[in-house]
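Take a look at the letters that make up each chain.
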2 protein chains.
Amino acid sequence: MKITEITRQALLDHATDVFAESGFDGASVREITRRATINLAAINYHFGGKEALYREVLRLAVDALSDASLLDEVTIDRVTREEAVRLFIRQQVMPLLKHGQISRYWRIFAWETLSPTPVYRDFIASEKLPILDQAEKIVRRFLPDGAARAEITVATIWLSNQATPFIRHYDTLSKPPLSLKIDKSFIEQLAADLSRMAIAGLNARGLLGPDSIECQVGGNESFRLSNVS
Amino acid sequence: MKITEITRQALLDHATDVFAESGFDGASVREITRRATINLAAINYHFGGKEALYREVLRLAVDALSDASLLDEVTIDRVTREEAVRLFIRQQVMPLLKHGQISRYWRIFAWETLSPTPVYRDFIASEKLPILDQAEKIVRRFLPDGAARAEITVATIWLSNQATPFIRHYDTLSKPPLSLKIDKSFIEQLAADLSRMAIAGLNARGLLGPDSIECQVGGNESFRLSNVS
DNA sequence: GTTTGTTTCAAACGACTGTTTGAATTTCAA
DNA sequence: TTGAAATTCAAACAGTCGTTTGAAACAAAC
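About the thresholds
- Residues numbered from 1 in each chain as written.
- Chains lettered and ligands numbered in written order.
- Predicted model: local features only at pLDDT ≥ 70, side-chain atom pairs only at ≥ 80, totals over all residues.
- Heavy atoms only, no water.
- Phe/Tyr/Trp six-rings, centres within 6.5 Å; stacked < 30°, edge-to-face > 60°.
- Helix = DSSP H or I, 4+ residues; strand = E, 2+ residues; numbered from the N terminus.
- Lys NZ or Arg CZ within 6 Å of the ring centre and 35° of its normal.
- Buried < 20%, exposed > 50% of the residue type's maximum accessible area, 1.4 Å probe, protein only.
- Arc of directions from axis to C-beta.
- Contact = heavy atoms within 4.5 Å.
- Salt bridge = Lys/Arg side-chain N within 4 Å of Asp/Glu carboxyl O.
- Near = heavy atom within 4 Å.
- Polar contact = N/O pair within 3.5 Å; in protein donor to acceptor, adjacent residues only side chain to side chain.
- Nonpolar A, V, L, I, M, F, W, Y, C, P; charged D, E, K, R; others polar.
- Axes fitted to C-alpha atoms, helices over the stretch in contact; angles between N-to-C directions.
- Parallel < 35°, antiparallel > 145°, perpendicular 65-115°, else oblique.
- Left-handed = near helix turned anticlockwise from the far one by under 90°.
- pLDDT = per-residue confidence, 0-100.
- Expected span 1.5 Å × (residues − 1).

**What to know about the packing of aromatic side chains**
Part 1: Here the structure, examined in full by the defined rule, presents nine aromatic pairs over all chains.
Part 2: With 4.8 Å between their ring centres and 45° between their planes, F24 of chain B and Y54 of chain B make a pair best called tilted. Remark: Y54 of chain B occurs in helix α4 (residues 50-67) and F24 of chain B occurs in helix α1 (residues 3-26); sequence separation between them is 30 residues.
Part 3: Here R81 of chain A stacks its cationic end above the ring of F142 of chain A, 4.5 Å away from the centre of that ring.
Part 4: A cation over a ring is seen here: R104 of chain A above Y105 of chain A, with NZ or CZ 6.0 Å from the ring centre.

So this is what it looks like as C-alpha coordinates:
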(Lines give C-alpha, C1' and ligand atoms only; values in the text may rest on other atoms or scores of the structure.)
Protein backbone atom coordinates (compact mmCIF):
# COMPACT_ATOMS: atom_id res chain seq x y z
CA MET A 1 0.00 0.00 0.00
CA LYS A 2 1.38 3.37 -1.00
CA ILE A 3 2.16 5.60 1.95
CA THR A 4 -0.14 8.33 0.70
CA GLU A 5 -2.94 5.79 0.87
CA ILE A 6 -2.04 4.94 4.45
CA THR A 7 -2.42 8.51 5.64
CA ARG A 8 -5.60 8.93 3.60
CA GLN A 9 -7.03 5.84 5.23
CA ALA A 10 -5.96 6.88 8.73
CA LEU A 11 -7.49 10.29 8.17
CA LEU A 12 -10.78 8.78 6.99
CA ASP A 13 -10.87 6.35 9.89
CA HIS A 14 -10.33 8.90 12.62
CA ALA A 15 -12.54 11.41 10.86
CA THR A 16 -15.37 8.87 11.00
CA ASP A 17 -14.83 8.55 14.75
CA VAL A 18 -14.87 12.27 15.40
CA PHE A 19 -17.79 13.01 13.07
CA ALA A 20 -19.79 10.25 14.74
CA GLU A 21 -19.03 11.63 18.19
CA SER A 22 -19.58 15.31 17.59
CA GLY A 23 -21.29 15.77 14.25
CA PHE A 24 -19.86 17.79 11.38
CA ASP A 25 -19.86 21.18 13.08
CA GLY A 26 -18.69 19.83 16.41
CA ALA A 27 -15.78 17.95 14.87
CA SER A 28 -12.51 19.79 14.43
CA VAL A 29 -9.81 19.02 11.90
CA ARG A 30 -7.25 19.50 14.65
CA GLU A 31 -8.83 16.71 16.71
CA ILE A 32 -8.92 14.40 13.70
CA THR A 33 -5.29 14.95 12.75
CA ARG A 34 -4.23 14.78 16.38
CA ARG A 35 -5.77 11.31 16.81
CA ALA A 36 -4.26 10.15 13.54
CA THR A 37 -0.89 11.69 14.51
CA ILE A 38 -0.82 13.36 11.14
CA ASN A 39 -0.07 16.94 10.38
CA LEU A 40 -2.90 19.43 10.39
CA ALA A 41 -2.43 20.43 6.76
CA ALA A 42 -2.85 16.84 5.54
CA ILE A 43 -6.63 17.12 5.38
CA ASN A 44 -6.48 20.02 2.97
CA TYR A 45 -3.69 18.40 0.98
CA HIS A 46 -5.37 15.00 0.56
CA PHE A 47 -9.03 15.95 0.46
CA GLY A 48 -9.21 19.66 -0.15
CA GLY A 49 -10.86 20.65 3.11
CA LYS A 50 -13.07 19.57 5.97
CA GLU A 51 -16.22 19.48 3.85
CA ALA A 52 -14.64 17.32 1.17
CA LEU A 53 -13.36 14.92 3.83
CA TYR A 54 -16.85 14.70 5.30
CA ARG A 55 -18.29 14.07 1.84
CA GLU A 56 -15.90 11.15 1.49
CA VAL A 57 -16.93 9.74 4.88
CA LEU A 58 -20.61 10.00 3.95
CA ARG A 59 -19.85 8.24 0.67
CA LEU A 60 -18.18 5.38 2.57
CA ALA A 61 -21.02 5.32 5.09
CA VAL A 62 -23.68 4.83 2.44
CA ASP A 63 -21.62 2.15 0.71
CA ALA A 64 -20.86 0.28 3.93
CA LEU A 65 -24.48 0.37 5.02
CA SER A 66 -25.49 -0.98 1.65
CA ASP A 67 -22.90 -3.74 1.80
CA ALA A 68 -23.82 -4.70 5.35
CA SER A 69 -27.47 -4.72 4.39
CA LEU A 70 -29.34 -7.95 4.85
CA LEU A 71 -31.95 -6.74 2.41
CA ASP A 72 -30.89 -6.42 -1.18
CA GLU A 73 -33.28 -5.65 -4.01
CA VAL A 74 -34.05 -9.32 -4.52
CA THR A 75 -34.66 -10.69 -1.04
CA ILE A 76 -36.80 -7.77 0.08
CA ASP A 77 -39.57 -8.93 -2.24
CA ARG A 78 -39.05 -12.67 -1.86
CA VAL A 79 -39.47 -13.05 1.88
CA THR A 80 -42.67 -12.48 3.81
CA ARG A 81 -43.33 -8.94 4.93
CA GLU A 82 -42.81 -10.00 8.55
CA GLU A 83 -39.44 -11.50 7.69
CA ALA A 84 -38.55 -8.32 5.81
CA VAL A 85 -39.17 -6.30 8.97
CA ARG A 86 -37.04 -8.68 11.00
CA LEU A 87 -34.14 -8.39 8.56
CA PHE A 88 -34.57 -4.63 8.41
CA ILE A 89 -34.37 -4.30 12.19
CA ARG A 90 -31.53 -6.78 12.54
CA GLN A 91 -29.27 -5.01 10.06
CA GLN A 92 -29.48 -1.88 12.20
CA VAL A 93 -29.16 -3.50 15.60
CA MET A 94 -26.41 -6.02 14.90
CA PRO A 95 -23.68 -3.41 14.30
CA LEU A 96 -23.97 -2.43 17.97
CA LEU A 97 -21.86 -5.53 18.69
CA LYS A 98 -18.91 -4.27 16.68
CA HIS A 99 -18.63 -1.05 18.63
CA GLY A 100 -16.42 0.88 16.30
CA GLN A 101 -17.46 -0.10 12.80
CA ILE A 102 -20.85 0.34 11.22
CA SER A 103 -22.45 1.91 14.24
CA ARG A 104 -20.31 5.02 13.70
CA TYR A 105 -22.07 5.53 10.41
CA TRP A 106 -25.49 5.27 12.00
CA ARG A 107 -24.48 7.94 14.48
CA ILE A 108 -23.37 10.26 11.71
CA PHE A 109 -26.77 9.91 10.09
CA ALA A 110 -28.38 10.55 13.47
CA TRP A 111 -26.61 13.91 13.60
CA GLU A 112 -27.82 14.66 10.10
CA THR A 113 -31.47 14.01 10.90
CA LEU A 114 -31.26 16.55 13.72
CA SER A 115 -29.66 19.28 11.65
CA PRO A 116 -28.65 18.40 8.08
CA THR A 117 -25.39 19.79 6.74
CA PRO A 118 -25.24 21.23 3.22
CA VAL A 119 -23.01 18.31 2.29
CA TYR A 120 -25.68 15.85 3.38
CA ARG A 121 -28.43 17.78 1.60
CA ASP A 122 -26.50 17.50 -1.66
CA PHE A 123 -26.02 13.83 -0.97
CA ILE A 124 -29.64 12.85 -0.51
CA ALA A 125 -30.66 15.13 -3.36
CA SER A 126 -28.62 13.02 -5.75
CA GLU A 127 -29.41 9.56 -4.42
CA LYS A 128 -31.97 8.07 -2.08
CA LEU A 129 -30.65 6.54 1.12
CA PRO A 130 -30.99 2.75 1.03
CA ILE A 131 -32.48 2.60 4.50
CA LEU A 132 -35.39 4.90 3.68
CA ASP A 133 -35.87 3.14 0.39
CA GLN A 134 -36.05 -0.24 2.13
CA ALA A 135 -38.35 1.04 4.84
CA GLU A 136 -40.76 2.44 2.29
CA LYS A 137 -40.81 -0.80 0.32
CA ILE A 138 -41.62 -2.77 3.45
CA VAL A 139 -44.23 -0.30 4.61
CA ARG A 140 -46.05 -0.52 1.29
CA ARG A 141 -46.55 -4.24 1.83
CA PHE A 142 -48.40 -3.50 5.05
CA LEU A 143 -50.49 -0.58 3.84
CA PRO A 144 -53.36 -0.90 1.37
CA ASP A 145 -52.56 -0.09 -2.26
CA GLY A 146 -54.46 3.17 -2.24
CA ALA A 147 -52.62 4.58 0.76
CA ALA A 148 -51.96 8.31 0.61
CA ARG A 149 -48.45 9.69 0.20
CA ALA A 150 -48.58 11.22 3.67
CA GLU A 151 -49.65 7.95 5.22
CA ILE A 152 -46.80 6.07 3.59
CA THR A 153 -44.29 8.70 4.67
CA VAL A 154 -45.45 8.66 8.27
CA ALA A 155 -45.23 4.88 8.43
CA THR A 156 -41.83 4.93 6.72
CA ILE A 157 -40.39 7.41 9.20
CA TRP A 158 -41.90 5.35 11.99
CA LEU A 159 -40.39 2.06 10.81
CA SER A 160 -36.97 3.48 10.04
CA ASN A 161 -36.83 4.89 13.57
CA GLN A 162 -37.67 1.73 15.46
CA ALA A 163 -34.05 0.79 16.00
CA THR A 164 -32.35 4.19 15.89
CA PRO A 165 -33.18 5.20 19.49
CA PHE A 166 -31.16 2.25 20.71
CA ILE A 167 -28.21 3.23 18.55
CA ARG A 168 -28.46 6.69 20.07
CA HIS A 169 -28.96 5.40 23.60
CA TYR A 170 -26.11 2.91 23.41
CA ASP A 171 -24.37 4.66 26.28
CA THR A 172 -27.54 4.77 28.38
CA LEU A 173 -27.77 1.01 28.19
CA SER A 174 -24.13 0.04 28.52
CA LYS A 175 -23.05 2.50 31.20
CA PRO A 176 -24.22 2.95 34.80
CA PRO A 177 -26.73 2.85 36.32
CA LEU A 178 -27.98 0.13 33.93
CA SER A 179 -24.59 -1.25 32.84
CA LEU A 180 -26.11 -3.79 30.49
CA LYS A 181 -23.70 -6.10 28.74
CA ILE A 182 -24.36 -5.50 25.06
CA ASP A 183 -23.48 -9.02 23.96
CA LYS A 184 -24.80 -11.27 21.24
CA SER A 185 -27.68 -12.64 23.26
CA PHE A 186 -28.85 -9.19 24.30
CA ILE A 187 -28.73 -7.92 20.74
CA GLU A 188 -30.55 -10.98 19.47
CA GLN A 189 -33.25 -10.44 22.06
CA LEU A 190 -33.44 -6.75 21.24
CA ALA A 191 -33.73 -7.44 17.53
CA ALA A 192 -36.46 -10.00 18.15
CA ASP A 193 -38.41 -7.69 20.46
CA LEU A 194 -38.14 -4.69 18.18
CA SER A 195 -39.19 -6.75 15.18
CA ARG A 196 -42.22 -8.06 17.01
CA MET A 197 -43.25 -4.57 18.09
CA ALA A 198 -42.65 -3.13 14.65
CA ILE A 199 -44.70 -5.83 12.95
CA ALA A 200 -47.52 -5.42 15.43
CA GLY A 201 -47.42 -1.66 14.91
CA LEU A 202 -47.51 -1.92 11.14
CA ASN A 203 -50.37 -4.37 11.32
CA ALA A 204 -52.29 -1.98 13.52
CA ARG A 205 -51.67 0.84 11.04
CA GLY A 206 -54.66 2.11 9.14
CA LEU A 207 -57.24 0.75 11.49
CA LEU A 208 -60.12 3.02 12.25
CA GLY A 209 -61.89 1.24 15.04
CA PRO A 210 -60.73 0.53 18.57
CA ASP A 211 -57.27 -0.92 18.64
CA SER A 212 -58.04 -4.40 19.76
CA ILE A 213 -60.34 -6.40 21.89
CA GLU A 214 -59.13 -8.75 24.54
CA CYS A 215 -60.89 -12.08 24.44
CA GLN A 216 -60.89 -14.54 27.28
CA VAL A 217 -60.79 -17.99 25.77
CA GLY A 218 -59.87 -20.65 28.25
CA GLY A 219 -58.87 -20.66 31.88
CA ASN A 220 -55.84 -18.39 31.95
CA GLU A 221 -55.43 -17.97 28.24
CA SER A 222 -56.49 -14.82 26.52
CA PHE A 223 -56.32 -13.61 22.95
CA ARG A 224 -56.06 -10.17 21.50
CA LEU A 225 -58.17 -9.68 18.42
CA SER A 226 -57.63 -6.84 16.02
CA ASN A 227 -59.47 -6.12 12.80
CA VAL A 228 -57.45 -5.84 9.64
CA SER A 229 -59.11 -3.79 6.94
CA MET B 1 -42.44 44.50 34.64
CA LYS B 2 -39.01 45.65 35.68
CA ILE B 3 -36.75 46.33 32.75
CA THR B 4 -34.16 43.87 33.97
CA GLU B 5 -36.84 41.22 33.75
CA ILE B 6 -37.64 42.20 30.18
CA THR B 7 -34.10 41.65 28.98
CA ARG B 8 -33.82 38.47 31.00
CA GLN B 9 -36.96 37.17 29.34
CA ALA B 10 -35.86 38.21 25.85
CA LEU B 11 -32.54 36.53 26.41
CA LEU B 12 -34.17 33.30 27.58
CA ASP B 13 -36.60 33.32 24.67
CA HIS B 14 -34.02 33.76 21.93
CA ALA B 15 -31.62 31.44 23.70
CA THR B 16 -34.28 28.73 23.54
CA ASP B 17 -34.56 29.29 19.80
CA VAL B 18 -30.87 29.08 19.14
CA PHE B 19 -30.25 26.14 21.47
CA ALA B 20 -33.10 24.26 19.79
CA GLU B 21 -31.69 24.99 16.34
CA SER B 22 -28.03 24.25 16.92
CA GLY B 23 -27.65 22.52 20.26
CA PHE B 24 -25.58 23.86 23.15
CA ASP B 25 -22.19 23.71 21.46
CA GLY B 26 -23.48 24.95 18.13
CA ALA B 27 -25.23 27.95 19.67
CA SER B 28 -23.22 31.12 20.14
CA VAL B 29 -23.89 33.84 22.67
CA ARG B 30 -23.33 36.42 19.96
CA GLU B 31 -26.14 34.93 17.88
CA ILE B 32 -28.47 34.93 20.88
CA THR B 33 -27.78 38.53 21.86
CA ARG B 34 -27.90 39.63 18.23
CA ARG B 35 -31.43 38.25 17.79
CA ALA B 36 -32.53 39.76 21.06
CA THR B 37 -30.85 43.05 20.10
CA ILE B 38 -29.18 43.05 23.49
CA ASN B 39 -25.56 43.64 24.26
CA LEU B 40 -23.20 40.71 24.25
CA ALA B 41 -22.19 41.13 27.88
CA ALA B 42 -25.78 40.87 29.10
CA ILE B 43 -25.67 37.08 29.23
CA ASN B 44 -22.77 37.10 31.64
CA TYR B 45 -24.28 39.92 33.63
CA HIS B 46 -27.73 38.40 34.05
CA PHE B 47 -26.96 34.71 34.13
CA GLY B 48 -23.26 34.38 34.73
CA GLY B 49 -22.34 32.69 31.47
CA LYS B 50 -23.51 30.54 28.59
CA GLU B 51 -23.73 27.39 30.70
CA ALA B 52 -25.82 29.06 33.38
CA LEU B 53 -28.15 30.44 30.72
CA TYR B 54 -28.53 26.97 29.25
CA ARG B 55 -29.23 25.54 32.69
CA GLU B 56 -32.03 28.07 33.05
CA VAL B 57 -33.48 27.11 29.66
CA LEU B 58 -33.38 23.43 30.59
CA ARG B 59 -35.12 24.27 33.87
CA LEU B 60 -37.90 26.08 31.97
CA ALA B 61 -38.09 23.23 29.47
CA VAL B 62 -38.70 20.60 32.11
CA ASP B 63 -41.28 22.78 33.83
CA ALA B 64 -43.12 23.61 30.61
CA LEU B 65 -43.19 19.99 29.54
CA SER B 66 -44.58 19.04 32.92
CA ASP B 67 -47.22 21.76 32.76
CA ALA B 68 -48.24 20.87 29.23
CA SER B 69 -48.41 17.23 30.22
CA LEU B 70 -51.72 15.48 29.81
CA LEU B 71 -50.59 12.83 32.25
CA ASP B 72 -50.20 13.92 35.85
CA GLU B 73 -49.53 11.52 38.68
CA VAL B 74 -53.21 10.91 39.24
CA THR B 75 -54.62 10.34 35.77
CA ILE B 76 -51.82 8.06 34.64
CA ASP B 77 -53.08 5.37 36.98
CA ARG B 78 -56.81 6.03 36.62
CA VAL B 79 -57.22 5.59 32.88
CA THR B 80 -56.78 2.36 30.96
CA ARG B 81 -53.27 1.56 29.84
CA GLU B 82 -54.33 2.08 26.22
CA GLU B 83 -55.69 5.52 27.08
CA ALA B 84 -52.48 6.30 28.92
CA VAL B 85 -50.50 5.59 25.77
CA ARG B 86 -52.81 7.80 23.74
CA LEU B 87 -52.36 10.70 26.15
CA PHE B 88 -48.64 10.11 26.29
CA ILE B 89 -48.32 10.28 22.51
CA ARG B 90 -50.69 13.23 22.15
CA GLN B 91 -48.81 15.42 24.60
CA GLN B 92 -45.72 15.05 22.45
CA VAL B 93 -47.32 15.45 19.05
CA MET B 94 -49.72 18.31 19.76
CA PRO B 95 -46.98 20.93 20.33
CA LEU B 96 -46.06 20.58 16.65
CA LEU B 97 -49.06 22.82 15.97
CA LYS B 98 -47.65 25.71 17.95
CA HIS B 99 -44.43 25.84 15.95
CA GLY B 100 -42.37 27.96 18.25
CA GLN B 101 -43.34 27.03 21.75
CA ILE B 102 -43.05 23.63 23.34
CA SER B 103 -41.55 21.95 20.29
CA ARG B 104 -38.36 23.94 20.82
CA TYR B 105 -37.92 22.18 24.14
CA TRP B 106 -38.33 18.76 22.54
CA ARG B 107 -35.64 19.68 20.05
CA ILE B 108 -33.26 20.67 22.83
CA PHE B 109 -33.74 17.28 24.45
CA ALA B 110 -33.20 15.66 21.06
CA TRP B 111 -29.75 17.28 20.94
CA GLU B 112 -29.06 16.04 24.44
CA THR B 113 -29.87 12.41 23.64
CA LEU B 114 -27.35 12.51 20.81
CA SER B 115 -24.55 13.98 22.87
CA PRO B 116 -25.37 15.03 26.45
CA THR B 117 -23.83 18.21 27.78
CA PRO B 118 -22.37 18.31 31.30
CA VAL B 119 -25.20 20.67 32.24
CA TYR B 120 -27.77 18.12 31.14
CA ARG B 121 -25.98 15.29 32.93
CA ASP B 122 -26.15 17.21 36.18
CA PHE B 123 -29.78 17.88 35.51
CA ILE B 124 -30.95 14.30 35.06
CA ALA B 125 -28.71 13.19 37.87
CA SER B 126 -30.70 15.33 40.30
CA GLU B 127 -34.20 14.71 38.99
CA LYS B 128 -35.78 12.20 36.66
CA LEU B 129 -37.26 13.57 33.47
CA PRO B 130 -41.08 13.42 33.59
CA ILE B 131 -41.31 11.92 30.11
CA LEU B 132 -39.12 8.94 30.94
CA ASP B 133 -40.90 8.55 34.24
CA GLN B 134 -44.27 8.49 32.54
CA ALA B 135 -43.11 6.14 29.82
CA GLU B 136 -41.79 3.69 32.39
CA LYS B 137 -45.01 3.76 34.38
CA ILE B 138 -47.04 3.01 31.26
CA VAL B 139 -44.68 0.32 30.11
CA ARG B 140 -44.96 -1.48 33.43
CA ARG B 141 -48.69 -1.85 32.92
CA PHE B 142 -48.06 -3.74 29.70
CA LEU B 143 -45.23 -5.94 30.90
CA PRO B 144 -45.61 -8.78 33.38
CA ASP B 145 -44.73 -8.00 37.01
CA GLY B 146 -41.57 -10.04 36.98
CA ALA B 147 -40.12 -8.26 33.96
CA ALA B 148 -36.37 -7.76 34.06
CA ARG B 149 -34.83 -4.31 34.47
CA ALA B 150 -33.35 -4.51 30.98
CA GLU B 151 -36.67 -5.44 29.47
CA ILE B 152 -38.41 -2.49 31.08
CA THR B 153 -35.69 -0.11 29.98
CA VAL B 154 -35.81 -1.28 26.40
CA ALA B 155 -39.57 -0.91 26.27
CA THR B 156 -39.38 2.50 27.95
CA ILE B 157 -36.86 3.81 25.45
CA TRP B 158 -38.99 2.39 22.68
CA LEU B 159 -42.20 4.03 23.87
CA SER B 160 -40.65 7.40 24.60
CA ASN B 161 -39.25 7.45 21.07
CA GLN B 162 -42.46 6.72 19.21
CA ALA B 163 -43.24 10.39 18.66
CA THR B 164 -39.78 11.94 18.72
CA PRO B 165 -38.83 11.05 15.13
CA PHE B 166 -41.71 13.19 13.92
CA ILE B 167 -40.59 16.11 16.04
CA ARG B 168 -37.17 15.69 14.49
CA HIS B 169 -38.52 15.23 10.97
CA TYR B 170 -40.88 18.18 11.17
CA ASP B 171 -39.07 19.83 8.28
CA THR B 172 -39.11 16.64 6.21
CA LEU B 173 -42.88 16.58 6.44
CA SER B 174 -43.71 20.26 6.08
CA LYS B 175 -41.22 21.23 3.37
CA PRO B 176 -40.88 20.03 -0.24
CA PRO B 177 -41.11 17.50 -1.73
CA LEU B 178 -43.83 16.40 0.69
CA SER B 179 -45.06 19.83 1.78
CA LEU B 180 -47.63 18.44 4.16
CA LYS B 181 -49.79 20.94 5.93
CA ILE B 182 -49.22 20.27 9.62
CA ASP B 183 -52.69 21.32 10.71
CA LYS B 184 -54.95 20.08 13.45
CA SER B 185 -56.48 17.26 11.45
CA PHE B 186 -53.08 15.94 10.40
CA ILE B 187 -51.78 16.03 13.94
CA GLU B 188 -54.91 14.33 15.25
CA GLN B 189 -54.50 11.60 12.66
CA LEU B 190 -50.81 11.26 13.46
CA ALA B 191 -51.48 11.02 17.18
CA ALA B 192 -54.15 8.40 16.59
CA ASP B 193 -51.95 6.35 14.27
CA LEU B 194 -48.92 6.51 16.53
CA SER B 195 -50.99 5.56 19.54
CA ARG B 196 -52.42 2.56 17.76
CA MET B 197 -48.98 1.41 16.65
CA ALA B 198 -47.51 1.94 20.10
CA ILE B 199 -50.29 0.01 21.81
CA ALA B 200 -50.00 -2.82 19.34
CA GLY B 201 -46.25 -2.87 19.84
CA LEU B 202 -46.49 -2.94 23.61
CA ASN B 203 -49.05 -5.69 23.46
CA ALA B 204 -46.76 -7.72 21.25
CA ARG B 205 -43.88 -7.25 23.72
CA GLY B 206 -42.78 -10.31 25.56
CA LEU B 207 -44.33 -12.79 23.21
CA LEU B 208 -42.25 -15.78 22.35
CA GLY B 209 -44.21 -17.36 19.56
CA PRO B 210 -44.88 -16.13 16.03
CA ASP B 211 -46.13 -12.58 15.92
CA SER B 212 -49.65 -13.17 14.76
CA ILE B 213 -51.75 -15.38 12.60
CA GLU B 214 -54.02 -14.07 9.92
CA CYS B 215 -57.47 -15.65 9.99
CA GLN B 216 -59.91 -15.55 7.12
CA VAL B 217 -63.39 -15.25 8.57
CA GLY B 218 -65.92 -14.23 6.02
CA GLY B 219 -65.83 -13.18 2.40
CA ASN B 220 -63.47 -10.20 2.45
CA GLU B 221 -63.03 -9.89 6.19
CA SER B 222 -59.95 -11.16 7.93
CA PHE B 223 -58.74 -11.03 11.48
CA ARG B 224 -55.29 -10.93 12.91
CA LEU B 225 -54.87 -13.01 16.01
CA SER B 226 -52.01 -12.65 18.40
CA ASN B 227 -51.46 -14.46 21.62
CA VAL B 228 -51.13 -12.42 24.78
CA SER B 229 -49.15 -14.14 27.46
C1' DG C 1 24.67 12.35 -7.27
C1' DT C 2 21.43 15.24 -9.24
C1' DT C 3 16.96 16.38 -10.49
C1' DT C 4 11.99 16.36 -10.39
C1' DG C 5 7.72 15.72 -8.24
C1' DT C 6 5.30 14.31 -4.10
C1' DT C 7 4.30 14.53 0.63
C1' DT C 8 5.03 16.44 5.32
C1' DC C 9 5.55 20.01 8.58
C1' DA C 10 5.59 24.24 11.75
C1' DA C 11 4.04 28.67 11.59
C1' DA C 12 0.94 32.05 10.65
C1' DC C 13 -3.58 33.97 8.70
C1' DG C 14 -8.22 35.98 9.55
C1' DA C 15 -12.52 34.76 11.52
C1' DC C 16 -14.94 33.09 15.21
C1' DT C 17 -15.68 31.47 20.22
C1' DG C 18 -16.98 32.76 25.55
C1' DT C 19 -15.63 36.01 28.84
C1' DT C 20 -13.82 40.27 31.08
C1' DT C 21 -13.21 45.13 31.71
C1' DG C 22 -14.01 49.84 32.79
C1' DA C 23 -16.37 53.59 31.43
C1' DA C 24 -20.92 55.48 29.93
C1' DT C 25 -25.62 55.35 30.66
C1' DT C 26 -29.93 54.61 32.84
C1' DT C 27 -32.79 53.70 36.84
C1' DC C 28 -34.90 54.81 41.02
C1' DA C 29 -35.05 56.30 45.82
C1' DA C 30 -33.91 60.18 48.97
C1' DT D 1 -32.24 67.52 41.88
C1' DT D 2 -28.87 64.78 43.73
C1' DG D 3 -26.36 60.57 44.44
C1' DA D 4 -25.72 55.84 44.62
C1' DA D 5 -26.90 51.58 42.57
C1' DA D 6 -28.17 48.95 38.57
C1' DT D 7 -27.70 48.16 33.85
C1' DT D 8 -25.80 48.78 29.23
C1' DC D 9 -22.17 49.20 26.06
C1' DA D 10 -17.89 49.07 22.94
C1' DA D 11 -13.59 47.29 23.18
C1' DA D 12 -10.36 43.99 24.04
C1' DC D 13 -8.87 39.39 26.10
C1' DA D 14 -7.18 34.61 25.21
C1' DG D 15 -8.52 30.65 22.92
C1' DT D 16 -10.13 27.69 18.94
C1' DC D 17 -11.77 27.30 14.32
C1' DG D 18 -10.56 26.01 9.01
C1' DT D 19 -7.27 27.20 5.79
C1' DT D 20 -2.91 28.87 3.59
C1' DT D 21 1.97 29.20 3.05
C1' DG D 22 6.72 28.29 2.01
C1' DA D 23 10.26 25.69 3.38
C1' DA D 24 11.84 21.03 4.68
C1' DA D 25 11.81 16.05 3.92
C1' DC D 26 11.00 12.39 1.12
C1' DA D 27 10.36 9.54 -3.08
C1' DA D 28 11.66 7.68 -7.53
C1' DA D 29 13.94 8.41 -12.24
C1' DC D 30 17.90 9.69 -14.73
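**As for helix α8 (residues 118-126) of chain A**
All names here are of chain A.
Part 1: Those residues of α8 lying buried are V119, Y120 and F123. All buried residues of α8 fall inside an arc of 95° around its axis, so they share one side. Of the exposed residues in α8, the ones pointing more than 90 degrees away from its buried face are P118, R121 and A125.
Part 2: Of the surrounding elements, those touching the buried residues of α8 are α4 (50-67) and α7 (102-114).

**Considerations on the pattern of salt bridges**
Residues and elements named next belong to chain A.
Part 1: Tallied over the entire structure, the rule returns 31 salt bridges over all chains.
Part 2: Taking the shortest distance from any N to any O, the salt bridge between R104 and D13 comes out at 3.2 Å. Taken as a pair, R104 in helix α7 and D13 in helix α1 (residues 3-26) lie far apart in primary sequence, 91 residues in all.
Part 3: For R104, a relative accessible area of 10% puts it in the buried group.
Part 4: When salt bridges with common partners are traced through the structure, they connect E21, E31, R34 and R35 into a single cluster.

**A look at the protein's contact with DNA strand D**
Part 1: Within the structure, DNA strand D sits among 16 residues, and R30, L40 and K50 of chain A together with T7 and H46 of chain B are positioned closest to it.
Part 2: Of all DNA strand D atoms lying within 4 Å of any protein atom, the proportion belonging to sugar or phosphate reaches 47%.
Part 3: The contact in question runs from a phosphate oxygen of DNA strand D to an N or O atom on the backbone of A27 of chain A, over 3.1 Å.
Part 4: Here a phosphate oxygen of DNA strand D sits 3.2 Å away from a polar atom, N or O, in the side chain of Y45 of chain B.
Part 5: For the surface near DNA strand D, the elements supplying multiple residues, two or more each, are α2 (29-35) of chain A together with α1 and α3 (42-46) of chain B.
Part 6: Here the residues of the surface near DNA strand D are counted per class, giving six nonpolar, seven polar and three charged.

**Regarding the packing of helix α6 (residues 81-93) of chain B against helix α9 (residues 130-142) of chain B**
All names here are of chain B.
Part 1: It is at 10 Å that the axes of α6 and α9 come closest, and there the two elements cross at 155°. Our classification of the angle between α6 and α9 gives roughly antiparallel. Handedness of the crossing formed by α6 with α9: left-handed. Residues R81, E82, A84, V85, F88, Q91 and Q92 of α6 form the contact with α9, whose own contacting residues are I131, Q134, A135, I138, R141 and F142.
Part 2: When grouped by side-chain class, the residues that make up the contact of α6 with α9 number seven nonpolar, three polar and three charged.

**Here we look at the confidence of the model for chain A**
Part 1: Summary statistics for chain A give a mean pLDDT of 83 and a share of 86% for residues scoring 70 or more.
Part 2: Low pLDDT, under 50, characterises residues 207-229 of chain A; the stretch is placed with 50 contacts to residues that sit more than four places away or in other chains.

**Side note on the protein's contact with DNA strand C**
Part 1: Taken together, 16 residues form the shell around DNA strand C, and within it T7 and H46 of chain A together with V29, R30 and K50 of chain B come nearest.
Part 2: Restricting the count to atoms of DNA strand C within 4 Å of the protein gives a sugar and phosphate share of 48%.
Part 3: Measuring from a phosphate oxygen of DNA strand C, one finds a side-chain N or O atom of Y45 of chain A at 3.0 Å.
Part 4: When residues of the surface near DNA strand C are traced back to their parent elements, those giving at least two are α1 and α3 (42-46) of chain A together with α2 (29-35) of chain B.
Part 5: For the surface near DNA strand C, the class distribution of residues is six nonpolar, seven polar and three charged.

**Concerning helix α13 (residues 184-204) of chain B**
Part 1: Helix length check: α13 of chain B, at 21 residues, gives a terminal C-alpha distance of 30 Å against a target of 30 Å (1.5 Å per residue), a fit within 8%.
Part 2: Of all 21 residues making up α13 of chain B, 16 are buried, and the element is well covered by its neighbours.

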